[in-house]
Amino acid sequence: MSTPAISVVMPVYNGEKYLREAIDSILNQTFSDFEFIILNDGSTDKTEDIILSYSDPRVVYVKNPENLQIVRTLNSGIALAKGKY
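Note that this is a predicted model, so its numbers are computed, not measured.

J.: Quick question: what am I supposed to make of the nonpolar core here?
T.: Soluble globular proteins tend to bury their nonpolar side chains together. In terms of nonpolar packing, the biggest core is built from twelve residues, these being Met-10, Val-12, Leu-19, Ile-23, Leu-27, Phe-34, Phe-36, Ile-38, Ile-50, Ile-51, Tyr-54 and Val-59. Counting residues per element, the ones that place at least two in this core are strand E1 (6–12), helix H1 (16–27), strand E2 (34–40) and helix H2 (47–52). For Leu-27, the contacting residues outside a window of four places in its chain are Phe-34, Phe-36, Tyr-54, Asp-56, Arg-58 and Val-59.

Shown next, in the form of structure tokens:
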């Protein structure tokens, strides 16, 4: 994948109830030059199964081995971001 214009960073912890809706919302945007970094912050529900059901090449999946909380997880996502914005 070439360098995207935008990086979207989304941490999730046990978010299976609304996760599919959130992912679909991002992937269905009319602007498509982005990477979508989804960080599973040690979820114990079906979060991982839902994320892995997507095969969109813009999705970058990262799984924390344990719950690192929102700030550390967002910081790691920002560190991975390759987009201009």
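J.: Which parts of the structure should I look at to understand the environment of Ile-37?
T.: Inspection of the secondary structure assignment puts Ile-37 in strand E2. Accessibility expressed as a relative area gives 0% for Ile-37, which makes it buried. Put simply, Ile-37 and Ser-55 are 18 residues apart on the chain and 13 Å apart in space, counted from C-alpha to C-alpha. If sequence neighbours within four positions are ignored, Ile-37 has contacts with Val-8, Val-9, Met-10, Val-60, Gly-77, Leu-80 and Ala-81.

J.: When you look at unusual backbone geometry in this model, what are you seeing that I'm missing?
T.: Glycine aside, negative phi is the norm for most residues, and most peptide bonds take the trans geometry. The phi torsion at Asn-14 lies on the positive side, around 50 degrees, for a residue other than glycine. Within the secondary structure, Asn-14 is located in the loop between E1 and H1. Here Asn-14 falls in the partly exposed class, since its relative accessible area comes to 30%. Backbone geometry places Gln-69, a non-glycine residue, at a positive phi of 80 degrees.

J.: How should the environment of Ile-78 be read in this particular structure?
T.: Within the fold, Ile-78 resides in helix H3 (residues 69–80). We classify Ile-78 as exposed; its relative accessible area is 56%. Distance in space between the C-alpha atoms of Ile-78 and Phe-36 is 11 Å, their sequence separation being 42 residues.

J.: So what exactly am I meant to see when it comes to the pairing of E1 here?
T.: Remark: a regular strand shows side chains that alternate across the two faces of the sheet. Of the strand pairs in this sheet, E1 and E2 are connected by seven bridges, and their pairing is parallel. Opposite Ser-7, over in E2, you have Glu-35 as the bridge partner.

Quick notes on the rules
- Residues numbered from 1 in each chain as written.
- Predicted model: local features only at pLDDT ≥ 70, side-chain atom pairs only at ≥ 80, totals over all residues.
- Heavy atoms only, no water.
- Core = buried A, V, L, I, M, F, W, Y, C linked by side-chain atoms within 4.5 Å.
- Buried < 20%, exposed > 50% of the residue type's maximum accessible area, 1.4 Å probe, protein only.
- Helix = DSSP H or I, 4+ residues; strand = E, 2+ residues; numbered from the N terminus.
- Contact = heavy atoms within 4.5 Å.
- Pairing = 2+ DSSP bridges.

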